[in-house]
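The chain contents come next:
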Amino acid sequence: FYFFFSVRVPYFIDLKRPQDQGLNHTCNYYLQPEEDVTIGVWHTVPAALWKNARGKDQLWFEEALGSSHPVMLYLHGNAGTR
């Protein structure tokens, strides 16, 4: 197996800025489960919060994680896409 950790598809997209892709209800995070391992993730709030999320900072998104809405993890693979 070969893992394409250095390939970005679609090309030339800054994964740190989901709002540039029209995802104004999404915040970028990085998890570090162990030393020398960093995983980029996006937190997308439920549709009921989309309008409220527009223009909010990371603190707002962290507080939204404490809401009564369920959290779903989507593990997308390793090709540099989200």
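- Going by the annotation in an unreviewed UniProt entry, the name recorded for the chain is ABD12 lipase, with Horornis vulcanius given as the source organism.

**Considering the overall build of the chain**
Reasoning step 1: Helices and strands together make up the secondary structure of the chain, namely two helices and two strands.
Reasoning step 2: Seen in sequence order, the chain has helices and strands lined up from the N terminus as β-β-α-α.
Reasoning step 3: For the chain, buried positions account for 20% of its 82 residues.
Reasoning step 4: Sequence separation of at least 24 residues holds for 41% of the intrachain contacts in the chain that already meet a minimum separation of 6.
Reasoning step 5: Carbon and sulfur atoms make up 59% of the accessible area of the chain, which totals about 6800 Å².

**Re a nonpolar patch on the surface**
Reasoning step 1: A surface patch of nonpolar side chains, amounting to about 490 Å² of accessible area, comprises Leu65, Val71, Leu73 and Leu75.
Reasoning step 2: As for its placement among the helices and strands, Leu73 is situated in the segment after helix H2 (58–64).

**Some points on the nonpolar core**
Reasoning step 1: Cys27, Tyr29, Val45, Leu49, Ala53, Trp60, Phe61 and Ala64 together form the largest nonpolar core, which totals eight residues.
Reasoning step 2: The set of elements that each furnish at least two residues to this core consists of strand S1 (26–34) and H2.
Reasoning step 3: It is H2 that provides the largest number of residues to this core, a total of three residues.
Reasoning step 4: Non-local contacts of Phe61, meaning those with residues more than four positions away in its chain, are made with His25, Thr26, Cys27, Tyr29, His43, Val45, Ala53 and Lys56.

**Observations regarding unusual backbone geometry**
Reasoning step 1: The backbone of Asp36 shows a phi angle near 70°, a positive value even though the residue is not glycine.
Reasoning step 2: Inspection of the secondary structure puts Asp36 in the loop between S1 and strand S2 (37–44).
Reasoning step 3: For Asp36, a relative accessible area of 71% puts it in the exposed group.

**A word on the pairing of S1**
Moving residue by residue along a regular strand, the side chains alternate between the two faces of the sheet.
Reasoning step 1: Relative to S2, S1 runs antiparallel, the two being bridged by seven bridges. Of the residues in S2, the one forming a bridge with Tyr29 is Val41.
Reasoning step 2: Linking S1 back to S2 in an antiparallel pair, the connection comprises two residues, with Asp36 at a positive phi of about 70°.

Reading the values: the criteria
Residues numbered from 1 in each chain as written. Predicted model: local features only at pLDDT ≥ 70, side-chain atom pairs only at ≥ 80, totals over all residues. Heavy atoms only, no water. Helix = DSSP H or I, 4+ residues; strand = E, 2+ residues; numbered from the N terminus. Buried < 20%, exposed > 50% of the residue type's maximum accessible area, 1.4 Å probe, protein only. Contact = heavy atoms within 4.5 Å. Areas by Shrake-Rupley, 256 points an atom, 1.4 Å probe, with all protein chains shown as cover. Patch = residues over 30% accessible without salt bridge, like charges linked within 9 Å, V, L, I, M, F, W, Y side chains within 5 Å. Salt bridge = Lys/Arg side-chain N within 4 Å of Asp/Glu carboxyl O. Core = buried A, V, L, I, M, F, W, Y, C linked by side-chain atoms within 4.5 Å. Pairing = 2+ DSSP bridges.

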